[in-house]
Amino acid sequence: MSPSVPIVTTVAELRQSIAAARAKCLKIGLVPTMGALHEGHASLVRAAKAECPFVVVSIFVNPAQFGPNEDFAKYPRTLDDDVSLLADCGADLVFAPRSEDVYRPGHGTWVTPAAVADRWEGFLRPGHFRGVATVVLKLLHMAQPDVAYFGQKDFQQAVMLRRMVDDLDVPVTVRLCPTVRQPDGLALSSRNRYLSPAARRRALALWKSLQRAAELVAGGERNAARLDAEIRKVLATADGAQVDYVAIVDPETFEPVEAVSGPTLAALAVRIDGTRLIDNVVLDPNAT
Ligand code: PAF
C-alpha cells in the first residue's frame, strides 16, 4: 500500500498538529506551494526532511498573486496527485486551506514588499509580489516553522521574501534550493503542462540562452550588454517566443549591472505560445 499523509484545512487543525510535533521538540519545516506539484517541489520537501523531522507542505492557489488577465482560473488543481507525491517524499502534513479561510470577509491588510520587488517580475505583474508576500507572511504565522523552503527558479520572489522576513523580524530561516531541470535542461514548472510538445521544444531556448551566457562568462566575457544580446539571440531561435525581460542583475538588489564583476544573476521571462516561463542562472566570473 502506498504511504499516506494527513491533510488539514483549518488553521486550528494545523496548529494542533504542529503543537504536537513541537511537544516532541521536533524542528518544523514549511514548504509553501500552490499545488500542481512536480519533482522541483519534491526536492524542496526532501531538503526540508533532511533538516526538519516534521515537514508541512501548504497547497493554496493564492488568488492575490494573480493579475486580472493571468491564469488563476485555469491554474492546475491536482490535489490527489499532489498528496501522493508528498506521501512518497515523506511530508508529514498537508495544509490545504480554503480561500475564504485565508482571506476572510473584511481582509484588508497587505504587505508592501521591499524595493527588490519593484523591477522585472514585480514591474510586469503589478501586485504579484504584494500577494505573494502577504500569503507567505500569513502561512508563516499560521505554521510558525523554523525553516521555510523556496525554489531558486523564483529567485526574485525568494530574495523579496528573505528581505520581508528580516525586515519584519519573522523568526524563520529562509532556504533557497536549486532549480530542478529535466534532462534536456527545461526548468520544472507547474506551467510546463500548458506547453504542447512543439512549444516545449521551443521552450528549451530559455535554458540554452542562459547556458550560453554562462559559457561566455567562463570564457572571459564581462560586459552585461553583450551577454544580454547573446541571450536574446538564442531566444530568437525559438519561433514566436516573446521576451518579457532579460535581466543581468545584482542577485541581492536586482539592480542591473554593467559588468559581471562578482556573482551576477541572469534572469528571464519568456512567453511561448502564451505560456509565461521564467528561468535564471547565477553567473560567477570566479568559478573555476
Ligand atoms: O512560489 C510559489 O509557488 C508561490 O508564489 C508561493 C510561494 C507558494 C506563494 O503562493
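Anything mentioned here points back to the structure above.
Residues numbered from 1 in each chain as written. Predicted model: local features only at pLDDT ≥ 70, side-chain atom pairs only at ≥ 80, totals over all residues. Heavy atoms only, no water.

**Student:** Help me get a handle on the site of the ligand, residues and values and all.
**Tutor:** Lining the immediate environment of the ligand, one finds Pro32, Thr33, Met34, Asn62, Gln65, Val132, Val135, Val136, Phe150 and Gln157. With respect to the ligand, the side chain of Gln65 contributes an N or O atom lying 2.6 Å from an oxygen atom. The separation between an oxygen atom of the ligand and a polar side-chain atom of Gln157 is 2.7 Å. In isolation the ligand has 290 Å² of accessible area, and contact with the protein removes 88% of it. (Near = heavy atom within 4 Å. Polar contact = N/O pair within 3.5 Å; in protein donor to acceptor, adjacent residues only side chain to side chain. Areas by Shrake-Rupley, 256 points an atom, 1.4 Å probe, with all protein chains shown as cover.)

**Student:** Tell me about the side chain of Glu121, residues and numbers included.
**Tutor:** Its place among the elements puts Glu121 in helix α5 (residues 121–124). In this structure the side chain of Glu121 is engaged in a polar contact, spanning 2.6 Å, whose partner is the side chain of Tyr245. In this structure Glu121 touches Phe129, Gln156, Tyr245, Ala269, Arg276 and Ile278, once residues within four positions along its chain are discounted. (Helix = DSSP H or I, 4+ residues; strand = E, 2+ residues; numbered from the N terminus. Contact = heavy atoms within 4.5 Å.)

**Student:** Go over the environment of Glu121 with me, naming the residues and quoting the values.
**Tutor:** Among the residues examined, Glu121 registers a relative accessible area of 6% and is labelled buried. The spacing of Glu121 and Ile278 is 157 residues in sequence and 9.3 Å in space, taken between C-alpha atoms. (Buried < 20%, exposed > 50% of the residue type's maximum accessible area, 1.4 Å probe, protein only.)

**Student:** Account for the sheet that holds strand β3 (residues 54–59), with residues named and values stated.
**Tutor:** Taken in spatial order, the six strands of this open sheet run β1-β4-β3-β2-β5-β6, and their pairing is parallel. With partners counted over all chains shown, the strands left at the sheet margins are β1 (7–8) and β6 (173–177), one partner each. Taken together, the two bridges between strand β2 (residues 28–33) and strand β5 (residues 147–151) define a ladder with parallel strand orientation. The partner of Gly29 across the bridge, within β5, is Val147. Against the sheet, helix α2 (residues 39–51) makes contact with β2, β3, β5 and β6, and its axis sits at roughly 155° relative to β5, the strand it touches most. The strands touched by helix α3 (residues 79–88) are β1, β3 and β4 (93–95); relative to β3, the strand with the most contacts, the crossing angle is about 165°. (Pairing = 2+ DSSP bridges. Axes fitted to C-alpha atoms, helices over the stretch in contact; angles between N-to-C directions.)

**Student:** Residue-level account of the packing of aromatic side chains, with values.
**Tutor:** Scanning all chains against the criterion turns up six aromatic pairs. Where Phe155 meets Phe254, the ring centres are 6.2 Å apart and the plane angle is 50°; that geometry is what we call tilted. Of the two residues, Phe155 sits in helix α7 (residues 155–167) while Phe254 sits in the loop between β7 (242–249) and β8 (264–272), which places them 99 residues apart along the sequence. By relative accessible area, which is 9% here, Phe155 ends up buried. (Phe/Tyr/Trp six-rings, centres within 6.5 Å; stacked < 30°, edge-to-face > 60°.)

**Student:** Give a description of the pairing of β6 that names residues and reports values.
**Tutor:** Pairing geometry for β5 and β6, over five bridges, is parallel. Bridge pairing in β6 places Gly151 opposite Cys177.

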